[in-house]
Amino acid sequence: RMFSARTLDTILFFSDRGKVYPEKVYQIPKMDRTSKGALLNTILSLASGERITSAVAISDFDQEGSLAMFTHQGKVKRIALSELSSARRSGLIAIGLGRGDRLGWVDLMGGDEDLIVVTQQGQALRFSGDTVRLMGRSAAGVNAIKLDGDDRVCRAGVVEDAACDLLVVTTQGYGKRSALSEFSTKGRYGKGVRCLGGDRAQTGVIAAARVVHPGDEVTLISTGGM
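Fair warning: this is a prediction, and the values are worked out from it, not measured in the lab.

A. Spotlight on the sheet that holds strand 14 (residues 193–194). Read across the sheet, four strands follow the order 11-8-9-14 without closing on themselves; strand pairing throughout is antiparallel. The outermost strands of the open sheet, each flanked by one partner alone, are strand 11 (153–159) and strand 14. Bridging between strand 8 (residues 114–119) and strand 9 (residues 123–128) involves five bridges; their strand directions are antiparallel. Within strand 9, the residue paired with Asp 114 across the bridge is Ser 128.

Dropping the structure here:
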C-alpha cells in the first residue's frame, strides 16, 4: 500500500502478530527512488520474525473516527483511535489473534462507511461497518466473511463512497476494475459474490485489491521490486 503523510504525522505500523508501533514521519530516513530503504528493525522494536503488514498515517488521535482491522482468516475489528494514543515504540497489542491467524490490513474509518473483504479465490463481501461495534485492544474481533477450504482474505478495506470502484490484481498480472455499485451491501459473515472469473491456473489468485476512484493513478509493485 502507498499513502502520503506529513512530516509531523504519526505512522502506526501494524504487525502480523497484532501489535502496533508508532513512529513520527520525520524519524524515518528520506531516500531517493532507487535506494533499498532503511531496515525497519532499526526504526521499530520488532520481535524476531515479526513482519509489518499495514501502516496508517494519523495527524491527530483526538479526531473522530476508528480503525478497521482485518485478518487473513476473515476476522474484523473496529477500535477507536484514542485506544492507540498510548502506543510506545516498544509496541502495543492492538488485536487478539486466534491460532494460526495473522493481522493483514488496517484502514481508517471516518463514520458509517461500508467495509469490503476480498479473498484470494475471487470472492468479495460488502457489509455495513455499523455491524462491527467498537472494541478494546485485547479483543479478537468478529467474523467478517465465510471462507471455503484453504481460501484466505487477500485484501479488505473501507468503501469511501458510492462512486468508487473495486480494482483487483492477480499474481499473474491480470487486473480488473468493477463498479462497487455491483456489490450490494449484505449481512456480515456471508460468502459474498464472485469478483473475478477465469481459470486460476491461468490468472493466478488475487494478490491485491483496492477501492479506487476513476481518476486515481495506480502503481503496481512486483515482488522483485519493480
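B. Structural detail: the nonpolar core. In terms of nonpolar packing, the biggest core is built from 17 residues, with Leu 12, Phe 14, Val 20, Leu 67, Met 69, Leu 84 and Val 106 touching the most fellow members. Only strand 1 (10–15), strand 3 (52–58), strand 4 (66–71) and strand 7 (103–109) provide two or more residues apiece to this core. By size, the runner-up hydrophobic cluster in this structure holds 16 residues, among which are Leu 115, Phe 127, Val 153 and Ala 156.

C. Quick look at unusual backbone geometry. Here the phi dihedral of Tyr 189 falls at roughly 70 degrees; this positive angle occurs in a residue that is not glycine. The residue Tyr 189 is located in the loop between strand 13 (175–179) and strand 14 in this model. Relative accessible area serves as the criterion here: at 37%, Tyr 189 is assigned to the partly exposed category.

D. A look at the pairing of strand 12 (residues 165–170). Burial of strand 12 is extensive: six of the six residues sit out of reach of the surface. Here strand 12 shows no split at all, with Asp 165, Leu 167 and Val 169 on one side and Leu 166, Val 168 and Thr 170 on the other all buried. Taken together, the five bridges between strand 12 and strand 13 define a ladder with antiparallel strand orientation. Counterpart to Leu 167 in the pairing with strand 13 is Arg 177. Once strand 12 ends, the chain turns through four residues before running back antiparallel as strand 13, passing Gly 173 with a positive phi of about 90 degrees.

E. Local environment of the confidence of the model for the chain. When the pLDDT values of the chain are averaged, the result is 92; 100% of them are 70 or greater. The least confident element of the chain is strand 15 (residues 206–212), whose mean pLDDT is 92; the most confident is strand 10 (residues 142–143), at 97.

F. Structural view of the sheet that holds strand 1. Strands sit in the order 3-1-2-6 across an open sheet of four strands; the sheet is antiparallel. Strand pairing shows two members of the sheet lacking a second neighbour, strand 3 and strand 6 (92–93), which therefore form its edges. Inspection of the sheet shows strand 2 (residues 19–24) paired to strand 6 by two bridges, in the antiparallel sense. Note on strand 6: the bridge partner recorded for Lys 19 is Ile 93.

G. Seen up close, a negative patch on the surface. Taken together, the side chains of Glu 160, Asp 161, Asp 216 and Glu 217 make up a negatively charged region of the molecular surface. Inspection of the secondary structure assignment puts Asp 161 in the loop between strand 11 and strand 12. Since its relative accessible area comes to 32%, Asp 161 is described here as partly exposed.

What counts and how
- Residues numbered from 1 in each chain as written.
- Predicted model: local features only at pLDDT ≥ 70, side-chain atom pairs only at ≥ 80, totals over all residues.
- Heavy atoms only, no water.
- Pairing = 2+ DSSP bridges.
- Helix = DSSP H or I, 4+ residues; strand = E, 2+ residues; numbered from the N terminus.
- Core = buried A, V, L, I, M, F, W, Y, C linked by side-chain atoms within 4.5 Å.
- Buried < 20%, exposed > 50% of the residue type's maximum accessible area, 1.4 Å probe, protein only.
- pLDDT = per-residue confidence, 0-100.
- Patch = residues over 30% accessible without salt bridge, like charges linked within 9 Å, V, L, I, M, F, W, Y side chains within 5 Å.
- Areas by Shrake-Rupley, 256 points an atom, 1.4 Å probe, with all protein chains shown as cover.
- Salt bridge = Lys/Arg side-chain N within 4 Å of Asp/Glu carboxyl O.
- Lys, Arg positive; Asp, Glu negative; His and termini not counted.
- Charge placed at Lys NZ, Arg CZ, Asp CG, Glu CD.

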